[in-house]
Amino acid sequence: MSSASWRHRVHPLLRRLLISFLLLPPVLLLAAFLFSPTASNPFDRSFSPEESDIWSARRVVDWKPCNWWKSAPLAALPAKTNGYIRVDCYGGLNQMRRDFCDGIGIARILNATLVLPKFEVAAYWNESSGFADVFDVDYFIQQTQGFVQVVKELPEEFASTEPFRVDCHKRKGQFDYVEAVLPALLEHRFISLTPAMSQRRDRYPLYAKAALCQGCYRALRLNKALEAKGSELFKLIPKPFLSLHLRFEPDMVAYSQCEYSGLSLASMSSIESARGDRKPWTGDAARAWRNRGKCPLTPKETAFILQSLKIPANTSIYLAAGDGLMETEGFASVYTNTHTKSSLLQTEDFLTMHGNTKAALDYYVSINSDAYVATYFGNMDKMVTAMRAVNEHHRTLVLSRRDYANFTSIGLKGVELADALWKSHREDFVMGRGTALPDCFCDSIL
C-alpha cells in the first residue's frame, strides 16, 4: 500500500479518535450528574467555608436598647395622679401585649396610675386567661417603679364601679392623647381605653417612651408556672435549634386576599370558608399586591428560602405555630427534623392549655432559641425580635415575602432564584434590617 493511500485512510480515523477522546470527560461528568442521587437538588453546591450558612455572614449593624431608656436618669413622677387607666386588650396574646405596652406609655403621658389590664375573653381564640394567668404581676410592678405608677387593686371609691370607656383604637392621623383623653380622665377619674392603632410612638415625650420601653421589654415576663412549662419544652428540643414562626392559617390567608395555586382541596376549602366578604385580588391588582409582599409564604416556599440561605435539611427546627397551620407537608418533606409543642408535650396540664398560654410557650422558646426566623412580621415577631435584641441573641431574620414575589414574577427559579434570595437576605442580615423596633432600640455599627 502506498504512503499516500495510508495517509488517506489513517487521518480520518485519528480525527474520530481525537474527537471521542475530547468529548469523553464532559460526557462522563454529565452522566455522573444525571445519575447521582442529588442531581435534582439545586442546593447541592460547594460553598467556601465563610459562606456555610446565613449566620456565618459578618454583621455590620446591630440593634441594642437605647441608652436614653436603659441608663439615663429618670424624670420624677408627679406627686399626684390624674386618675386611673385600665387598658382593654383584644385579639391574640401578642396583639394584647402590644396594646398594653402602648397603654403604659399613655398612662405616663397623662400622669395616670395604671391598673392591671383586661384581657378579652374570646371564644374565637378558645381563650379565657387573664393578665395574671400569663405574666408575673409582682415582677411587672417592681420593674416599672419610677417609670409609671401601677396598682394591683383600685381604691375603694372605684373598686365597685365600671370605668368610663374611651375607645381610641380606630382613630388615625396626628392623634393627641392629652387633648382627646385627658379631659375624660379628669372628669371620671377612672377610664378604660384601647390604644389607637396608628399612634406613632415617636411623638411620645422621652419620659413616656422610657416607661413604655421599660414596661414592655424589661418588666413583662411570664409567670413562674408558664416559665417552668416553657423551660420544660425548651429542654426537650434537640440542640442547637432554629425557631421558625410559620404563618399559613386559613384566616390569615383569607385576610390577605391572595390566591394560591397547588394547594390541597382541604386547604382551599378552609380558606374559602374563612374569606367571608374579603374576595381575593385578581389580574394585575393581584400581581401588584403580591409584589408588594402582602401574600403569606406557603410552607413549601418557606422551605425553599431556608435552603437558599444554606440552612441544612437536618437542622433541628422548632415550629412556633398556632392550630390550623396548612400545607405543613411542603415544609416537613424537606426539613424532617421538625418539632412542635404538641409533639413534645403530652402532659395533662399542656392538654388543658388554651390560646394565650400556648402562644406564651412559643414566645419563650423563640426568644431563647439559637436562631429565629419569621415568615411574617406580625405582633409576635416584633416582640420576639425585640427581646432577642435585648438578650443579645442576634441570629434573627425575617424572610422577605416581597423579594420572593418579585424574583419569581420575573421568572427566576431553581438555582437562579436561590442565589437571588441568598444575596438579598444576606444583605438584610448583615445590615440588621427589619428585625428591631425603632421605638426603643438604636442601631450600633459593629
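Summary of the structure given here.

Cut-offs used in this document
- Residues numbered from 1 in each chain as written.
- Predicted model: local features only at pLDDT ≥ 70, side-chain atom pairs only at ≥ 80, totals over all residues.
- Heavy atoms only, no water.
- Core = buried A, V, L, I, M, F, W, Y, C linked by side-chain atoms within 4.5 Å.
- Buried < 20%, exposed > 50% of the residue type's maximum accessible area, 1.4 Å probe, protein only.
- Contact = heavy atoms within 4.5 Å.
- 1 Å grid on protein atoms, 1.4 Å probe; cavity = no way out; pocket = protein on both sides within 12 Å on 5 of 7 lines; lining within 4 Å.
- Points joined across faces, edges and corners; volume = space filled by probe spheres on them.
- Helix = DSSP H or I, 4+ residues; strand = E, 2+ residues; numbered from the N terminus.
- Salt bridge = Lys/Arg side-chain N within 4 Å of Asp/Glu carboxyl O.
- Phe/Tyr/Trp six-rings, centres within 6.5 Å; stacked < 30°, edge-to-face > 60°.
- Lys NZ or Arg CZ within 6 Å of the ring centre and 35° of its normal.
- Arc of directions from axis to C-beta.

1. Focus: the nonpolar core
Here is step 1: Grouped together as the largest cluster of nonpolar side chains are 75 residues, with contacts concentrated most on Phe100, Leu110, Phe140 and Tyr217.
Here is step 2: In contact with Phe100, other than residues within four places in its own chain, are Val87, Cys89, Leu114, Pro117, Phe131, Phe140 and Leu220.
Here is step 3: Formed by 42 residues, the second largest nonpolar core is a distinct cluster that contains Tyr260, Tyr335, Ala418 and Phe429.

2. Quick notes on the layout of surface pockets
Here is step 1: Volume-wise, the second largest pocket comes out at about 420 Å³.
Here is step 2: If you trace the second largest pocket, you find 19 residues lining it, with Tyr260, Ser261, Arg290, Thr298 and Glu301 closest to the centre.
Here is step 3: Elements represented by at least two residues in the lining of the second largest pocket include exactly α14 (299–308) and α20 (401–409).
Here is step 4: Counting residues per element, the lining of the second largest pocket draws most heavily on α20, at four residues.

3. Notes on the pattern of salt bridges
Here is step 1: Enumeration according to the criterion identifies 13 salt bridges in this entry.
Here is step 2: When the shortest N-O distance is used, the salt bridge between Arg98 and Asp99 registers 3.1 Å.
Here is step 3: In this structure, Arg221 and Asp136 form a salt bridge, with 3.4 Å as the shortest nitrogen-oxygen distance. With Arg221 in the loop between α9 (206–219) and α10 (224–236) and Asp136 in the loop between α4 (131–134) and α5 (137–143), this residue pair connects regions lying 85 residues apart in the sequence.

4. Observations regarding α14
Here is step 1: Among the ten residues that make up α14, nine are buried, leaving the element largely enclosed by the rest of the structure.
Here is step 2: Considered for burial, the residues of α14 that qualify are Pro299, Glu301, Thr302, Ala303, Phe304, Ile305, Leu306, Gln307 and Ser308.
Here is step 3: Directly beyond the C-terminal end of α14, a positive phi value near 65° is found at Lys310.

5. Describing the packing of aromatic side chains
Here is step 1: Counted according to the given criterion, the structure contains 15 aromatic pairs.
Here is step 2: A ring pair is formed by Trp55 and Phe429, whose centres lie 5.4 Å apart and whose planes are at 80°; its orientation type is edge-to-face. With a gap of 374 residues between them, Trp55 in the loop between α1 (3–34) and β1 (61–65) and Phe429 in helix α21 (residues 414–431) connect regions that are remote in the sequence.
Here is step 3: Taking relative accessible area as the criterion, Trp55 reaches 10% and is therefore assigned buried.
Here is step 4: On the basis of relative accessible area, Phe429 is assigned to the buried category, the value being 3%.
Here is step 5: Centroid distance Tyr84 to Phe158: 5.7 Å. Interplanar angle 55°. Geometry classified as tilted. Of this pair, Tyr84 sits in strand β2 (residues 84–89) while Phe158 sits in helix α6 (residues 156–159); the two residues are 74 residues apart in sequence, bridging distant segments of the chain.
Here is step 6: You can call Tyr84 buried: its relative accessible area is 12%.
Here is step 7: The class for Phe158 is buried, based on a relative accessible area of 9%.
Here is step 8: A network of ring pairs unites the aromatic residues Phe100, Phe119, Phe131, Phe135 and Phe140 as a single cluster.
Here is step 9: Seen from the ring of Phe234, Lys239 lies directly overhead, with NZ or CZ sitting 4.8 Å from the centre.

6. What about helix α12 (residues 265–275)?
Here is step 1: Here α12 has its buried residues at Ser267, Ile271 and Arg275. Taken around the axis of α12, the buried residues stretch over an arc of 75°, which confines them to a single face. Counted as exposed and oriented over 90 degrees from the buried face of α12: Leu265, Ala266 and Ser273.
Here is step 2: Residues of α12 that are buried in the fold lie against α11 (250–256).
Here is step 3: Looking at the residues trailing α12, positive phi occurs at Gly276, about 60°.

Just geometry here; none of it tells us what the structure is for.
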